[in-house]
Amino acid sequence: MKKLILLIALSSLFPLSAYAESIQDFSYKMTYFYLEPNKDAFNNLQKSADKFKKELTKNGNGSDILISVLIARISQKHNWQIIDSAFSGRAKEILSGKTDLSKFINDDSKANPAKLDVWWASFSATGETKYLENIYKFASVELPKSGAREIMTVGAAKWSFKSNCRQHERVAKFAKSKLKALDKDNKETEFLKECIKQAEGKQSKSKGWVDKQGNRIPDKDHMKSIGDFGAQLIITDKEDEMFKNWGTPSETVYFPTTTTIQRNKLLTAVVVFSGCAIDKNGNCDLRMQMTVYQPSGKIYSKLPVMEVWSGKPRPENKMLGLSVDYMRLAIESHEPLGKYRIDAKVMDKISGDTMLLTTYFTAVEKK
């Protein structure tokens, strides 16, 4: 482990802890679908839902209905076809608006705790703020003194809004816009300030990445931090030198990076991290998924979820760790030249923190 001196809640809707790694990834993809919507991801999500039908329906907690809502909303927003699956029938039923269930789901004038979950699932599918508006109507008012359903609905709205304000930048941005529109302090402004404080506090519990003088370096596309948890996506065309430098005892380490790669030459992408959360045994569980996009924007390659640092103790004294798994690629003779994009979605399975790291390289002809 080395120090690197840089020179340059929605998940509550879809249960996580009871299931294995694969269904955790499925839950994550549903919760944050709106960030990177594409047809292939939509089809894969539907197939994954099929795979986990038994687990999703056996508890009777409504997860199956919420998945159907999410599938219906994605199809509706992007005009993508719903493929045959365990949840396709109910998703199409929701879009039809003809049954009692579909009428309840599509009627935004009626609310209870179950409807809040429907709105959050709809937000996960589309990212549209109209669903946040619906939830905010109940989250922003004082808790009623009577009426069991009203108390439960407002209480659930307040809790879920605060939780997702911490987990979703778009929800925090929405809260800030609401606060800006208010001209005097009251219970509503207090609620919004508390939500925003929690969201910003999550981003500033520690300095994160720092320079040689100890000053915090602002987040960049390829390098971000959430509290003590930091991660950086690094690409190099000098893999041997990079690993040699990492394995040489020293206080700091130099990574030979690149932004250009010649055709048929090997490019390596790794993640450097610090401050991962630990479980009761003192071990971390960091995962990542890398996706490469061609200059046209089409997916070039989407790798399965890989290990960053799992089942291992957290590096001590804020030292850094290097991802166990990493990606190699080479742009071959039949593949297009130009500017490629690499996304690394880094997930701390213990804290629930996630970050999307992005970097670019340009593929050129071999000299």
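All figures in this text were calculated on a predicted structure; none of them were measured in a lab.

1. Considering the pattern of salt bridges
Any two side chains of opposite charge can pair, given that their charged atoms come close.
Moving on, step 1. One pass over the structure, following the stated rule, counts 14 salt bridges.
Moving on, step 2. Put simply, Glu128 and Lys130 hold a salt bridge, and the shortest N to O gap is 3.7 Å.
Moving on, step 3. Classification of Glu128 by relative accessible area gives partly exposed; the value is 24%.
Moving on, step 4. The salt bridge involving Lys312 is made with Glu307; its shortest N-O contact spans 2.5 Å.
Moving on, step 5. Take Lys312: its relative accessible area is 26%, and that puts it in the partly exposed class.
Moving on, step 6. Each member of the salt-bridge network shares a partner with another, and the members are Glu36, Arg341, Asp343 and Lys345.

2. Overview of helix α2 (residues 39–51)
Moving on, step 1. Its 13 residues place the ends of α2 19 Å apart at the C-alpha level, agreeing with the 18 Å of an ideal helix rising 1.5 Å per residue.
Moving on, step 2. All buried positions along α2 are accounted for by Ala41, Phe42, Asn43, Leu45, Gln46 and Ala49.
Moving on, step 3. For α2, the capping residue at the N-terminal end is Asn38, with a side-chain oxygen 3.2 Å from the backbone nitrogen of Asp40.

3. As for the nonpolar core
Moving on, step 1. By size, the foremost hydrophobic cluster in this structure holds 31 residues, and its most contacted members are Leu233, Met290, Met327, Ile342, Val346 and Phe361.
Moving on, step 2. When contributions to this core are tallied by element, the ones reaching two or more residues are β2 (229–236), β4 (267–274), β5 (283–293), β7 (306–313), β9 (327–329), β10 (338–348) and β11 (354–364).
Moving on, step 3. No other element matches β5, which puts 5 residues into this core.
Moving on, step 4. For Val346, the contacting residues outside a window of four places in its chain are Phe229, Ala231, Val271, Arg287, Met288, Asp353, Thr354, Met355 and Leu357.
Moving on, step 5. Formed by 25 residues, the second largest nonpolar core is a distinct cluster that contains Ala72, Ile74, Ala91 and Ile105.

4. What to know about the environment of Arg170
Moving on, step 1. Relative to the assigned elements, Arg170 resides in helix α10 (residues 169–181).
Moving on, step 2. With a relative accessible area of 35%, Arg170 lands in the partly exposed category.
Moving on, step 3. As for Arg170 and Leu35, which are separated by 135 residues in sequence, their C-alpha atoms are 9.7 Å apart.
Moving on, step 4. At 3.2 Å, the side chain of Arg170 forms a polar contact with the backbone oxygen of Gly127.

5. Concerning helix α4 (residues 63–78)
Moving on, step 1. With 16 residues, α4 ought to run about 22 Å at 1.5 Å a step, and its terminal C-alpha atoms sit 23 Å apart, in line with that.
Moving on, step 2. The buried fraction of α4 is high, at 12 of 16 residues.
Moving on, step 3. Buried within α4 are the following residues: Ser63, Asp64, Leu66, Ile67, Ser68, Val69, Leu70, Ile71, Ala72, Arg73, Ile74 and Ser75.
Moving on, step 4. Downstream of α4 by one or two residues, Asn79 has phi in the positive range, about 60 degrees.

6. Digging into the state of the cysteines
Moving on, step 1. Across all of its chains, the model carries 1 disulfide by this definition.
Moving on, step 2. Between the sulfur atoms of Cys276 and its disulfide mate Cys284 the distance is 2.1 Å. Residues Cys276 and Cys284 share a disulfide whose torsion about the S-S bond is about 65 degrees; that sign makes it right-handed. Across the pair, Cys284 and Cys276 agree in class, each one buried.
Moving on, step 3. Here Cys195 is not cross-linked by a disulfide; its sulfur's nearest cysteine counterpart is in Cys165, at 5.0 Å.

7. As for the packing of aromatic side chains
Moving on, step 1. Within the structure shown, the criterion is met by 13 aromatic pairs.
Moving on, step 2. An aromatic cluster of at least three residues, connected via ring pairs, comprises Tyr136, Phe161, Phe174 and Phe191.
Moving on, step 3. The ring of Phe104 carries Lys115 above its face, with NZ or CZ at 4.3 Å from the centroid.
Moving on, step 4. Sitting above the plane of the Phe191 ring, Lys158 keeps its charged end 4.8 Å from the centroid.

8. Here's the deal with unusual backbone geometry
Moving on, step 1. The phi angle at Asn79 is positive, at roughly 60 degrees, despite the residue not being glycine.
Moving on, step 2. With respect to the secondary-structure elements, Asn79 resides in the loop between α4 and α5 (88–96).
Moving on, step 3. You can call Asn79 exposed: its relative accessible area is 71%.
Moving on, step 4. Phi is positive for Asn264, close to 70 degrees, though the residue is something other than glycine.
Moving on, step 5. With respect to the element layout, Asn264 can be found in the loop between β3 (260–262) and β4.
Moving on, step 6. The partly exposed category is assigned to Asn264, whose relative accessible area is 48%.

Reading the values: rules and limits
What you see as residue numbers is a count from 1 along each chain, following the sequence as written. Thresholds applied to this predicted model are a pLDDT of at least 70 for local features of residues and 80 or more for the giving and counting of side-chain atom pairs; totals over whole chains, interfaces and linings are not thresholded and use all residues. Side-chain calculation: all heavy atoms of the structure are included, whereas hydrogens and water are not. Salt bridges, as used here, are contacts in which a Lys or Arg side-chain nitrogen is within 4 Å of a carboxyl oxygen on Asp or Glu. Remark: exposure states derive from per-residue accessible area (1.4 Å probe, protein chains only) relative to the maximum for the residue type, with buried under 20%, exposed over 50%, and partly exposed in between. Strands are runs of DSSP state E lasting at least two residues, helices are runs of H or I lasting at least four, and both sets are numbered from the N terminus onward. Each residue after the first adds 1.5 Å to the expected span of a helix. Between N or O atoms, a polar contact is any pair within 3.5 Å; within protein, one atom must be a potential hydrogen donor and the other a potential acceptor, and residues adjacent in sequence are included only when both atoms are from side chains. We define the nonpolar core as a collection of buried residues of types Ala, Val, Leu, Ile, Met, Phe, Trp, Tyr and Cys that are connected through side-chain atoms lying within 4.5 Å of one another. In this analysis, two residues are considered to be in contact whenever any of their non-hydrogen atoms come within 4.5 Å of each other. Any two cysteine sulfur atoms within 2.5 Å of one another count as a disulfide. When two rings of Phe, Tyr or Trp (its six-membered ring) have centres within 6.5 Å they constitute a pair, described as stacked for plane angles under 30 degrees, edge-to-face for angles over 60, and tilted for the intermediate range. Here, over-ring charges are defined by two tests on the NZ atom of lysine or the CZ atom of arginine: distance to the ring centre within 6 Å, and angle to the ring normal within 35 degrees.

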